[in-house]
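Fold and geometry: a report
The residues making up each chain are set out below.
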Amino acid sequence: EDIEADTVLFTEHNMPDCELHRSKTNPNCQVVELEDEKTGESYMAVVSMRCINAGEFFCIIESDDEEEEYSDEEEEDWEEDE
């Protein structure tokens, strides 16, 4: 079954133990901060950015911070090999 845009897929309270795919060009979901209307407390959730077709993997946008972190790790590995 397809998932409509702006659908809460899961929250930090019921998040599966997995890592989501990352994409710079075609993400279909994003991490957002929501507020509980009853308690006023905020929590993190993964929400669809667009319609997600049945069978399509969940994919969040790759941040520049992740890319820099990965590049730093590669550089450290290269320096150790010298």
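Structure's up top.
Residues numbered from 1 in each chain as written. Predicted model: local features only at pLDDT ≥ 70, side-chain atom pairs only at ≥ 80, totals over all residues. Heavy atoms only, no water.

**Observations concerning the overall build of the chain**
When helices and strands are tallied, the chain shows one helix and five strands. Counting from the amino terminus, the chain carries its helices and strands in the arrangement β-β-β-β-β-α. By the burial criterion, 21% of the 82 residues in the chain qualify as buried. If you take every contact in the chain between residues at least 6 apart in sequence, the share linking residues at least 24 apart comes to 66%. Carbon and sulfur atoms make up 44% of the accessible area of the chain, which totals about 6,700 Å². (Helix = DSSP H or I, 4+ residues; strand = E, 2+ residues; numbered from the N terminus. Buried < 20%, exposed > 50% of the residue type's maximum accessible area, 1.4 Å probe, protein only. Contact = heavy atoms within 4.5 Å. Areas by Shrake-Rupley, 256 points an atom, 1.4 Å probe, with all protein chains shown as cover.)

**Some details on the environment of E1**
Here E1 is to be found in the segment before strand 1 (8–11). When the C-alpha atoms of E1 and G55 are compared, they prove to be 8.4 Å apart, with 54 residues separating the residues in sequence.

**Topic: the pattern of salt bridges**
By the definition in use, this model includes one salt bridge. Notably, a salt bridge pairs E56 with R50, separated by 2.7 Å at the nearest N-O pair. Here R50 falls in the partly exposed class, since its relative accessible area comes to 24%. (Salt bridge = Lys/Arg side-chain N within 4 Å of Asp/Glu carboxyl O.)

**What to know about a negative patch on the surface**
Where like charges cluster on the molecular surface, the negative patch consists of E12, E33, E35 and E37. What makes E37 exposed here is its relative accessible area of 81%. (Patch = residues over 30% accessible without salt bridge, like charges linked within 9 Å, V, L, I, M, F, W, Y side chains within 5 Å. Lys, Arg positive; Asp, Glu negative; His and termini not counted. Charge placed at Lys NZ, Arg CZ, Asp CG, Glu CD.)

**Here we look at the nonpolar core**
Counting seven residues, the largest nonpolar core is built from L9, F10, L20, C29, V46, I52 and I60. Other than its neighbours up to four places away in sequence, C29 contacts L9, V46, V47, S48, M49, F58, C59, I60 and I61. (Core = buried A, V, L, I, M, F, W, Y, C linked by side-chain atoms within 4.5 Å.)

**A word on the side chain of T11**
Turning to its location among the elements, T11 is positioned in strand 1. Contact partners of T11, with chain neighbours within four places excluded, come to Y43, M44 and A45.

**Some points on the environment of E35**
You can see E35 is positioned in strand 3 (residues 29–35). With relative accessibility at 56%, the residue E35 sits in the exposed group. Excluding residues that lie within four positions of it along the chain, E35 makes contacts with G40, E41, S42 and Y43.

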